[in-house]
Amino acid sequence: MSALTLQNIDKVYGKTQVMHDVSLDIEQGEFVVFVGPSGCGKSTLLRMIAGLESISAGTLFIGDKKMNNVPASKRGIAMVFQSYALYPHMSVADNMGFSLSIAKTPKQEIKQRVAAAAEILQLTPYLNRLPKALSGGQRQRVAIGRAIVREPDVFLFDEPLSNLDAELRVSTRREIANLKASMPDTTMIYVTHDQVEAMTLADKIVVLRDGRVEQVGTPLELYDRPRNSFVGQFIGSPKMNIFGSGDLAVQNWPHHNTGIRPEHLEPATPKTAIVSGTLEFVEKLGEYSLAYLRTATGCEFTVKFDRSINHAIGKELHFKADHNNLHQFDSKTMLRVD
Ligand SMILES: Nc1ncnc2c1ncn2[C@@H]1O[C@H](COP(=O)(O)OP(=O)(O)O)[C@@H](O)[C@H]1O
Ligand SMILES: [Mg+2]
């Protein structure tokens, strides 16, 4: 039995259908990331699981119980939002314990659960402070702590890092990874539009586009064998190059487009090259450089170089790629062919 099962879920707002036939199994203790571009339906799906949105069609099970009409407060779920409001006049401890005191949990138990959550989140030294005396990252941890104290079976996060600056995002991301390790039986669903967060945190990634599931798999499954060119280009950075058959030196696959990641193109001679292009622009990023090129047929592509790239703009360069690193997509359906 899965911890959470979605069967053929649709969501309709008025006349607009925003989720289409979403089916998914999530195991207990799994960390699942919903990823996709803005507007693809990540929050809507999460809110339907939480009980904050109705389910237009299909069935949601938590364990073996049908949950479609069970109120949010009875689903054993806690949710952490992107923008979190802490009570400014309450201490960290009171903010974290607030939902428990509303539920008339005994004071001693509140204290214990708050202390345990503070320990996991490294907030113990700050329990008596007011929110205004905390950094942005610490405040977000208090918001997570409020959810932990409820001891949910399922933990939902909706882009919890997107209001933090870049450095804090990286450190808070590590804390979320630690949180997952310290609560191995708690199922977690995490929504982000950031493929790096998805790759680094997920046991399982669900890629969404326009309200549909495009692919479900481990981070490396999606990187190695994307089901279609959308997933190929969404997972991995910089994004996968897609070449038409006429853009390549070999024409073995007339009805295919070929995907090659920027990190998989290597310098070659004109004879051994699979693709050639004119260098248009270089970005030096310290550890590596990105070269932006264009084939004679007009197709733009990117190549990841080590830092020593020293070619003049306008020069023609040649590249090869290992056969295992070529992704063939049908040029009509853009579905993976092999
Ligand atoms: N209350 C609503 N009424 C009508 N349309 C909505 C409502 N909420 C979300 N949508 C639409 O549903 C789609 C998915 O939105 P959302 O789940 O917020 O996407 P994401 O979280 O992936 O950015 C969008 O097209 C959005 O405009
Ligand atoms: Mg959203």
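Residues numbered from 1 in each chain as written. Chains lettered and ligands numbered in written order. Predicted model: local features only at pLDDT ≥ 70, side-chain atom pairs only at ≥ 80, totals over all residues. Heavy atoms only, no water.

Undergrad: Looking at this structure, I do not really get the sheet that holds strand S9 (residues 204-209). What am I missing?
TA: Strands in a sheet are paired, the pairing made by backbone hydrogen bonds, and the direction either parallel or antiparallel. Spatial strand order, S6-S7-S8-S3-S9-S10: six strands in an open sheet with mixed pairing. Single-partner strands in this sheet number two, and they are strand S6 (77-80) and strand S10 (212-217). Neighbouring strand axes in the sheet, compared pairwise and without regard to direction, differ in orientation by 20 degrees on average. Note that strand S3 (residues 31-35) and strand S8 (residues 187-192) share five bridges and pair parallel. Opposite Phe31, over in S8, you have Met188 as the bridge partner. Packed on one face of the sheet, helix H1 (residues 42-50) meets S3, S6, strand S7 (154-158), S8 and S9 and runs near 150 degrees to S7. Strands in contact with helix H4 (residues 136-148) are S6 and S7; relative to S6, the strand with the most contacts, it is inclined by about 170 degrees. (Pairing = 2+ DSSP bridges. Helix = DSSP H or I, 4+ residues; strand = E, 2+ residues; numbered from the N terminus. Axes fitted to C-alpha atoms, helices over the stretch in contact; angles between N-to-C directions. Contact = heavy atoms within 4.5 Å.)

Undergrad: Any chance you could explain the site of ligand 1 here in plain terms?
TA: Close contacts around ligand 1 come from Tyr13, Val18, Pro37, Ser38, Gly39, Cys40, Gly41, Lys42, Ser43 and Thr44, and that covers them all. At 3.4 Å, a side-chain N or O of Tyr13 approaches a nitrogen atom of ligand 1. One of the backbone N or O atoms of Cys40 is found 3.2 Å from an oxygen atom in ligand 1. Relative to its unbound accessible surface of 560 Å², ligand 1 loses 56% to contact with the protein. Broken down by element, the shell around ligand 1 gets its largest block of residues, three residues, from H1. Along the lines of polarity and charge, the residues of the shell around ligand 1 split into four nonpolar, five polar and one charged. (Near = heavy atom within 4 Å. Polar contact = N/O pair within 3.5 Å; in protein donor to acceptor, adjacent residues only side chain to side chain. Areas by Shrake-Rupley, 256 points an atom, 1.4 Å probe, with all protein chains shown as cover. Nonpolar A, V, L, I, M, F, W, Y, C, P; charged D, E, K, R; others polar.)

Undergrad: Could you clarify how one ought to interpret the sheet that holds strand S11 (residues 241-243) in this entry?
TA: Within the open sheet, the three strands sit side by side as S11-S12-S18. Their pairing is antiparallel. Each of the sheet's edge strands pairs with one partner strand only, and the pair in question is S11 and strand S18 (327-330). Taking each pair of neighbouring strands and ignoring which way they run, the sheet shows an average axis angle of 30 degrees. By the bridge criterion, three bridges tie S11 to strand S12 (residues 256-260) in an arrangement that is antiparallel.

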